[in-house]
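One letter stands for each residue in the lines below.
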Amino acid sequence: MDCVEQTDTEATAPSVIDRYYTRWFRADMKGKPCEDHCILQHSNRLCVITLAETHPILQDGRAIKSINYQISNGCSRLNNKVSGKSKRGGQFLTDFAPLCRITCTDETEYTIYSCIRGRLLEVNESILETPTLLLEKPSTEGYIAVILPKFEESKSITENLLSREEFESVVSKRTVAQSQPS
């Protein structure tokens, strides 16, 4: 009898992401349809930037050719070095600062943006060696970057982001619009 109850509890237990993070979304980033980003916000203000499940990279069985954190000649997100309690030295990002460029095997290139203002704490170097992590586990090991918003702005950063319900509404409207004959 105890085994049955224990199995039911394990089946309904929320994942670590669902338990400790609030999911926020940015739909159609920079006006590009379906290029959706997901921001996982922890209670300690840290924000993890990931791809939303609806992003084209995660659709249609695409394969990733390369991931490049070199944004311009003078700016590489890989050179970001932070130190100390206040995370000095981290690159400061605006809402639309590019984090990386992902090229698929069909030569389609996608730019992933920060979506929020804050200090870049780290980029995920694991996806450089194993790009399939981005496809297989986009919310966990396949994250793009970790950003720490300013303390004063930590409450207001979500004003331009969509909640799960709002995002699902946008996606369902998009699906209906795409299925309508032109």
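Residues numbered from 1 in each chain as written. Predicted model: local features only at pLDDT ≥ 70, side-chain atom pairs only at ≥ 80, totals over all residues. Heavy atoms only, no water.

**Student:** Quick rundown of the overall build of the protein chain? Include the residues and the values.
**Tutor:** When helices and strands are tallied, the protein chain shows five helices and 11 strands. In terms of overall dimensions, the protein chain is globule-like: its C-alpha atoms have a radius of gyration of 18 Å, near the 16 Å expected for 182 residues. Viewed in the frame of its principal axes, the protein chain has a C-alpha envelope of about 60 × 50 × 35 Å. Expressed as a percentage of the 182 residues in the protein chain, the buried residues total 41%. For the protein chain, the proportion of contacts with a sequence separation of at least 24, taken over those separated by at least 6, is 58%. In the form shown here, the protein chain has an accessible surface area of approximately 10,400 Å², with 50% of it arising from carbon and sulfur atoms. (Helix = DSSP H or I, 4+ residues; strand = E, 2+ residues; numbered from the N terminus. Rg over C-alpha atoms; globule rule 2.2 N^0.38 Å. Buried < 20%, exposed > 50% of the residue type's maximum accessible area, 1.4 Å probe, protein only. Contact = heavy atoms within 4.5 Å. Areas by Shrake-Rupley, 256 points an atom, 1.4 Å probe, with all protein chains shown as cover.)

**Student:** Can you tell me about the environment of L134, naming the residues and giving the values?
**Tutor:** By secondary structure assignment, the location of L134 is in helix 4 (residues 132-136). Judged by its relative accessible area of 0%, L134 falls in the buried class. Counting along the chain gives 83 residues from L134 to L51, while the straight-line C-alpha distance between them is 8.2 Å. Setting aside anything within four residues of it in sequence, one finds L134 in contact with L51, L58, I64, I67, I102, I127, G142 and I144.

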